[in-house]
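Structural features, examined
Next come the chains, spelled out residue by residue.
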Amino acid sequence: MKRNALSALIALALVGGGVATANAQDFGNWYIAPRIGAAIPDSNRKVDAAVWGGVGVGVWVNPNLAVDFEYTINNYDFKDDSWRVQQSWDHGDKQWENVGLGVSARWFFGDQGSQWRPYVMAGLGAMRHAAYSGVLTSGAGLNNDGWDPFATIGGGIQYNMSERVALRGEIAARYDHDNNTMANVGESLGYTFKRRNGFTDGIVSVGLVYSFGTAAAPAPVETPVAPPAAPDCHQLDDDHDGVNNCDDRCPDTPAGTIVGPDGCPQKVVIDLRGVNFKFDRPKKGEHNIEPTLQVPTADSIAILDQAIDALNRYPEIKVELDGHTDSVGTDQYNQGLSERRAQIVADYLTSHGVDSSRIVAVKGFGESQPIDTNATKEGRARNRRTEIKVEQ
């Protein structure tokens, strides 16, 4: 590979490794994927292994399928015992350049939130073979350079370093239908080996995957509003439940009870929308809520503090904490994630003055109770929530 092209690829990889703030594998998310490795040539090429590099732009079609559009490059040196090196007009210039443009699909196994995800891949494209010295190819009546088709197949594993950055390791076989390089002209010059039109090379690489995405904006906590007063009986509230005598169907409700518009006891849901968690957080064993919250953390903490203030103003009530997820991932995985989200909110309430005896249950419902569609990013963001249910 040319030295300046390799330096640019390494610089891009280093820049991509320093940022991490979004959901890496959401539907429709785009990413860039610089890679570097080695091209292990077909023995019939009579060349040494070479540095191989590439940079791709990819998109997640669904949580298991990603498609990459990639540019690659590698240069081969002929072996010291090759017929090409023995030519007197070579003067030590032994290389040719391979530049590839292709598209590949990768199918990932395991849950979307898993840190390690193995995958298989397959791809198609075109390879340009450009000889650095075209003396022999021209003498044999061949082109010095040209485009030929290629196909790849292989597999690898992806390690999710954060919500936005992942590391890939991959091994692949590349069939290159090469009609243009100098490795093909030996027979025409009197050498014994046969001319070949195709070679199967090995490609071993590592690379970074840097994803793009945006988080949903936090929404405020909704507070129930008591109905306005009205003349006569509408101005009276004998049981002090916030519902006037005219509309109160349960006039003997004890003071301090949370009631509905009819004055009867009611289970109230306080939706903590805006308390957004980072991708696949909290992990098992995580107890401090702040590192698990989506940036800006202060917005989510402010909403939790509003809920604590409301609970302190009604010391008689007891609450149930319910966690929910979107539909991405397996039922079993989402059930555990929803339970962890409910528990870490419960821990935050008790650590800020809410007596643990007032929390009667901590439950997870996984993806079973969506409040919006799971077909869009915005809908899935609303479904990833925690609710406080007020008990009588």
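Everything numeric in this text was worked out from a predicted model, so none of it was measured.

1. Brief notes about the overall build of the protein chain
- Check the secondary structure of the protein chain and you find five helices and 12 strands.
- Scored against the burial criterion, the 392 residues of the protein chain give a buried share of 44%.
- Taking contacts inside the protein chain between residues at least 6 apart in sequence as the whole, the part at least 24 apart equals 67%.
- Element-wise, carbon and sulfur atoms account for 57% of the exposed surface of the protein chain, whose accessible area totals about 18700 Å².

2. With respect to the pattern of salt bridges
- Under the counting rule described, the total for this entry stands at 12 salt bridges.
- Among the ionic pairs, Asp 372 bridges to Arg 382, the shortest N-O distance being 3.6 Å. Of this pair, Asp 372 sits in the loop between β11 (359–364) and α5 (377–383) while Arg 382 sits in helix α5, and the two are 10 residues apart along the sequence.
- Residue Arg 385 is joined to Glu 387 by a salt bridge in which the shortest nitrogen-to-oxygen separation is 3.1 Å. As far as the burial class goes, Arg 385 and Glu 387 line up, both buried.
- Salt bridges here are not isolated pairs; linked through shared partners, they connect Arg 35, Asp 68, Glu 70, Arg 106, Arg 168 and Glu 170.

3. Overview of the confidence of the model for the protein chain
- Across the protein chain, the average pLDDT comes to 77, with 71% of residues at or above 70.
- Least confident of the elements in the protein chain is helix α1 (residues 3–16), whose mean pLDDT is 42; most confident is strand β7 (residues 165–176), at 94.
- In this model residues 1–24 is a low-confidence stretch, pLDDT under 50, and it forms 49 contacts with partners more than four residues away in sequence or in other chains.
- The model gives residues 85–93 a pLDDT under 50, and that stretch makes 15 contacts with residues more than four places away or in other chains.

4. Things to note about the packing of aromatic side chains
- One pass over the structure, following the stated rule, counts five aromatic pairs.
- Ring centres 4.9 Å apart and planes at 45 degrees place the aromatic pair Phe 108 and Tyr 119 in the tilted group. With Phe 108 in strand β4 (residues 95–108) and Tyr 119 in strand β5 (residues 116–131), the pair connects residues that are 11 residues apart, well separated along the chain. There is no split in this pair, since Phe 108 and Tyr 119 are both buried.
- Pairwise contacts between aromatic rings join Tyr 31, Trp 60, Phe 108 and Tyr 119 into one cluster.
- Arg 168 extends its terminal NZ or CZ atom over the ring of Tyr 119, reaching a point 5.9 Å from the ring centre.

5. Focus on the environment of Ala 166
- Residue position: Ala 166 is located in strand β7.
- With 42 residues separating them along the chain, Ala 166 and Leu 208 place their C-alpha atoms 5.8 Å apart.
- When sequence neighbours within four positions are dropped, the list of residues in contact with Ala 166 reads Gln 158, Tyr 159, Asn 160, Met 161, Gly 207, Leu 208 and Val 209.

6. Some points on the nonpolar core
- Ranked by size, the top nonpolar core spans 23 residues in total, and within it Leu 272, Ile 289, Leu 304 and Val 345 carry the most contacts.
- Elements with a contribution of two residues or more to this core: α3 (297–313), β10 (318–323), α4 (331–351) and β12 (386–391).
- Per-element tally for this core: the top contributor is α3, with six residues.
- By size, the runner-up hydrophobic cluster in this structure holds 10 residues, among which are Ala 66, Met 121, Ala 166 and Ala 172.

7. Describing a nonpolar patch on the surface
- Among the surface-exposed residues, Trp 30, Val 57, Phe 69, Val 103 and Phe 212 lie close enough to one another that they form a single nonpolar patch of about 450 Å² accessible area.
- Phe 212 gets classed as partly exposed once you look at its relative accessible area, which sits at 38%.

8. Focus: α4
- Here α4 spans 31 Å end to end across 21 residues, near enough to the 30 Å set by a 1.5 Å rise per residue.
- Along α4, the positions that sit buried rather than exposed are Asn 334, Leu 337, Ser 338, Arg 340, Arg 341, Ala 342, Ile 344, Val 345, Ala 346, Tyr 348 and Leu 349.
- Gly 353 sits one or two positions beyond α4 and adopts a positive phi of about 100 degrees.

9. Let's talk about the side chain of Asp 201
- Relative to the helices and strands, Asp 201 is located in strand β8 (residues 199–211).
- Overall, the relative accessible area of 2% leaves Asp 201 in the buried class.
- With sequence-adjacent residues up to four places away left out, Asp 201 is seen in contact with Ile 40, Pro 41, Asp 42, Arg 45, Tyr 76, Ala 172, Ala 173, Arg 174 and Asp 176.

10. Observations regarding the packing of α3 against α4
- Two elements in contact, α3 and α4, have axes whose closest approach is 10 Å; the angle formed by their N-to-C orientations is 60 degrees. By the criterion of interaxial angle, the relationship of α3 to α4 is oblique. Along this stretch, α3 crosses α4, giving a crossing that reads as right-handed. Here Ile 301, Leu 304, Asp 305, Ile 308 and Leu 311 of α3 come into contact with α4, specifically with Val 345, Tyr 348 and Leu 349.

11. A closer look at α3
- Between its terminal C-alpha atoms α3 stretches 25 Å, which fits the 24 Å expected from 17 residues at 1.5 Å a residue.
- Where α3 is concerned, the buried positions are Ser 300, Ile 301, Ile 303, Leu 304, Ala 307, Ile 308, Ala 310 and Leu 311.
- On its buried face, α3 sits against β10, α4 and β12.

Reading guide: rules and limits
Residues numbered from 1 in each chain as written. Predicted model: local features only at pLDDT ≥ 70, side-chain atom pairs only at ≥ 80, totals over all residues. Heavy atoms only, no water. Helix = DSSP H or I, 4+ residues; strand = E, 2+ residues; numbered from the N terminus. Buried < 20%, exposed > 50% of the residue type's maximum accessible area, 1.4 Å probe, protein only. Contact = heavy atoms within 4.5 Å. Areas by Shrake-Rupley, 256 points an atom, 1.4 Å probe, with all protein chains shown as cover. Salt bridge = Lys/Arg side-chain N within 4 Å of Asp/Glu carboxyl O. pLDDT = per-residue confidence, 0-100. Phe/Tyr/Trp six-rings, centres within 6.5 Å; stacked < 30°, edge-to-face > 60°. Lys NZ or Arg CZ within 6 Å of the ring centre and 35° of its normal. Core = buried A, V, L, I, M, F, W, Y, C linked by side-chain atoms within 4.5 Å. Patch = residues over 30% accessible without salt bridge, like charges linked within 9 Å, V, L, I, M, F, W, Y side chains within 5 Å. Expected span 1.5 Å × (residues − 1). Axes fitted to C-alpha atoms, helices over the stretch in contact; angles between N-to-C directions. Parallel < 35°, antiparallel > 145°, perpendicular 65-115°, else oblique. Left-handed = near helix turned anticlockwise from the far one by under 90°.

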